[in-house]
Amino acid sequence: DVNNDGRFDLLALQSDGVLRRFSDEGAGAGWQAAEVLRWTDAPAAALPPGSARLFVADLDNNGGVDLIVSTSVGARAWLGDADGNFKPLKIPETIAGARSVSVADTDADGRLDLVGATADGRAFRAASRGTKNYHWQVIRPRAANASGDQRINSFGVGGEMEIRSGLLVQKQLIAGPVVHFGLGEQLGADVVRVVWPNGSVRAEFELKADQSVLAEQRLKGSCPSLFAFDGERMSFVKDCAPWSPAIGLRINNYQTLKVSQTEEWVKIQGRQLAPRGGFYDLAITAELWETYYLDHYALAVVDHPAGTEVFVDERTAHVVPALKVYTVASPRPFARAADDEGRDVTETVRQRDGQHLDTFGRGRYQGVTREHFVEVELPADAPRDGAPLWLIAHGWLHPTDASVNVAISQGQHAPPKGLSLEVADGRGGWAVVRPDLGFPAGKNKTILIDLKGVFREGAPRALRLRTNMEIYWDALEWAGAAESGVEAKIERLNPSTAELRFRGFSEMRQADASSPETPDYSRLASTGQRWRDLVGYYTRFGDVRELLAVVDDRIVISNGGDELLLRFAERPAPPEGWARDYVLIGNGWIKDGDYNSMFSKTVLPLPSRDREYYTTTPTRLEDDPVYRRFPQDWQNFHTRYITPRNFNDGLRLK
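Conventions adopted
- Residues numbered from 1 in each chain as written.
- Predicted model: local features only at pLDDT ≥ 70, side-chain atom pairs only at ≥ 80, totals over all residues.
- Heavy atoms only, no water.
- Helix = DSSP H or I, 4+ residues; strand = E, 2+ residues; numbered from the N terminus.
- Buried < 20%, exposed > 50% of the residue type's maximum accessible area, 1.4 Å probe, protein only.
- Polar contact = N/O pair within 3.5 Å; in protein donor to acceptor, adjacent residues only side chain to side chain.
- Contact = heavy atoms within 4.5 Å.
- Phe/Tyr/Trp six-rings, centres within 6.5 Å; stacked < 30°, edge-to-face > 60°.
- Lys NZ or Arg CZ within 6 Å of the ring centre and 35° of its normal.
- Core = buried A, V, L, I, M, F, W, Y, C linked by side-chain atoms within 4.5 Å.
- Domains from an automatic or database assignment.

Novice: Quick question: what am I supposed to make of the side chain of Glu 422 here?
Specialist: One can find Glu 422 in strand E30 (residues 420–424). Classification of Glu 422 as buried rests on a relative accessible area of 7%. In this structure the side chain of Glu 422 is engaged in a polar contact, spanning 2.6 Å, whose partner is the side chain of Arg 466. Once you skip the residues sitting within four places of it in the chain, Glu 422 turns out to touch Trp 430, Ala 431, Val 432, Val 433, Ala 462, Leu 463, Arg 464 and Arg 466.

Written as structure tokens, this is what we have:
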């Protein structure tokens, strides 16, 4: 950032010794070119294209950009001032004639030294000895864990770092494991903001000068968060729709996700939702770097006889699970459970208690680990002879993202493999009976696998769930059919009110390394622009029930920090001897701001049910097919224009 405007520039050294700056103009519309300096005594014959190395650093720690050029026949350096002007730095003749020069703090004193090889091949170090004792700050970016946390690379190379000290603001590209800033006379950094290579953000505050500090990456998840009033407070339930219909999601280096179904169902347990003032209150929050396109929400009130349970299959798979409510007998634990290394984990997966099976370790990349399985065995009294039988698995998925998917496809690492179900074959081996089952769609999810007819005659009734994904099981259970003639009573409700409003971002909580990060509705972490938001028109705050009434491609466009409050009319209590649960039915799409998602800088293209792929470059809003069908919505609803300007200029006085 040579001109210190908060935007990175391109620097090019020409063979005639002129150093030019090329800066973005008009948000990608063109380039602004300017001469930065001129190497007046440059040896023209020694500067053919590609022969010079150009370094940007703060040699004197004054908080300005300095420039160093190294060629095979000599080197030069220029010191920059606060106004963007450069003057030659007088350097010893040994360095001026060196065949190679680089920059490093070789003695860890916070001053950058020049190191290299002289004309006759001898190594040298020229230690920095400034006339003013300016201060400095060194930031060491790294992943929190070397494994299981690697979106791109462990040191964040390719990300960016911005620092503010009083009125001094600087920005640098992360090009290695150490990022050095000069602070001039400032006694510390008020804030350091790190934008990691996949776009996630971390900030460090109130750092004292003249020291090295560590900035760790945090994990980046996805999907809206569902909260319900449980009789005392608004509590987190689970991720909810839209989760699977991710438009523009890169599944590898050359393919994007096909969006074939946009409706998803999630269960809310009866104890998690209580009426308040004649209504059931739900909140859906946007906590992450995403845009949501919300078409429809409904709440199904599900009453069922005591002694039965109801579930929906909260799974993402190539063959989309049926959207229905399953009524089963009360689930029961398996007789035995073991992991793939033979450890007994029966107690770990016996019941839903927040203790998750986590014996498979971490892989190189977030969301993918070694291939592993959990083996379970049915008790002797479980149904036989082809009677209805279900495996009911409760847990959560730590997903990959677009950047991870692209990185994996560019190397030799095995891609994510969804769940498969194996049964004992009676000959000491195992046979796959349910391949490609997909995976739980996020946090606190339940999946159902039909076991009817899967077991081999005379073989042990043992099962294996196999995958290489980070799936953490809380409980594994089995259930038979409910008694004959027993059916749940389902009543579907549309929202009585639907209000979109700004809320901010919840504080995140994590019980342990095996548990998911979950948002705390009662505590806000921030209310400012947290992400480099996608550019475009979003739905204005207020009543949005009209847009959510039916599935019709008329959508609520929601941004990070937004909250959708839904109220559904309370229904009469179930009859005696019956229990009540709920199912939230959602329909819509999601777009991640990840740099490797397609068109992740903009709200466009707008999604619709007649499109399965989103790979065509968007143009103007007025040319988008959804806009052309519903132009009135951009007069009445979608009038909130958002850009990442506040994020980009967040550390600067404008």
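That covers the picture; the talk isn't over yet.
Novice: Help me out: how do you make sense of the environment of Pro 399 in this one?
Specialist: Note on placement: Pro 399 falls in the loop between strand E29 (389–398) and helix H2 (402–409). Exposure remark for Pro 399: the relative accessible area of 18% places this residue in the buried category. In this structure the C-alpha to C-alpha distance between Pro 399 and Arg 332, which are 67 residues apart in sequence, comes to 28 Å.

Novice: Teacher, can you tell me more about the packing of aromatic side chains here?
Specialist: To describe a pair of aromatic rings, one takes the distance between the centres and the angle between the planes. All told, the structure shown has 12 aromatic pairs when counted by the stated rule. A centroid spacing of 5.2 Å and a plane angle of 65 degrees characterise the contact between Tyr 326 and Trp 390, whose relative ring orientation is edge-to-face. Highlighted residues: Tyr 326 in strand E25 (residues 326–329) and Trp 390 in strand E29, separated in sequence by 64 residues. Of the two residues examined, Tyr 326 and Trp 390, each falls in the buried class. The structure contains a cluster of three or more aromatic residues connected by ring pairs, namely Phe 227, Phe 236 and Tyr 521. Above the plane of the ring of Phe 311 lies Lys 267, whose end atom (NZ or CZ) is 4.4 Å from the centre. Stacked on the ring of Phe 455, the Lys or Arg Arg 461 has its end atom at 5.9 Å from the ring centre.

Novice: Would you take a moment to explain the nonpolar core for this structure?
Specialist: Among the nonpolar cores identified, the biggest contains 63 residues, and Leu 282 and Trp 473 are the most heavily contacted of them. Looking at which element gives the most residues to this core, the answer is strand E34 (residues 462–480), with 7 residues. When we break this core down by domain, the ones giving at least three residues each are domain 3 (221–306 + 487–653) and domain 4 (308–482). For Leu 282, the contacting residues outside a window of four places in its chain are Leu 226, Phe 227, Ala 228, Met 234, Ile 268, Leu 273, Leu 299, Leu 564, Leu 565, Leu 566, Phe 568 and Leu 584. Formed by 22 residues, the second largest nonpolar core is a distinct cluster that contains Tyr 538, Ile 555, Leu 606 and Val 626.

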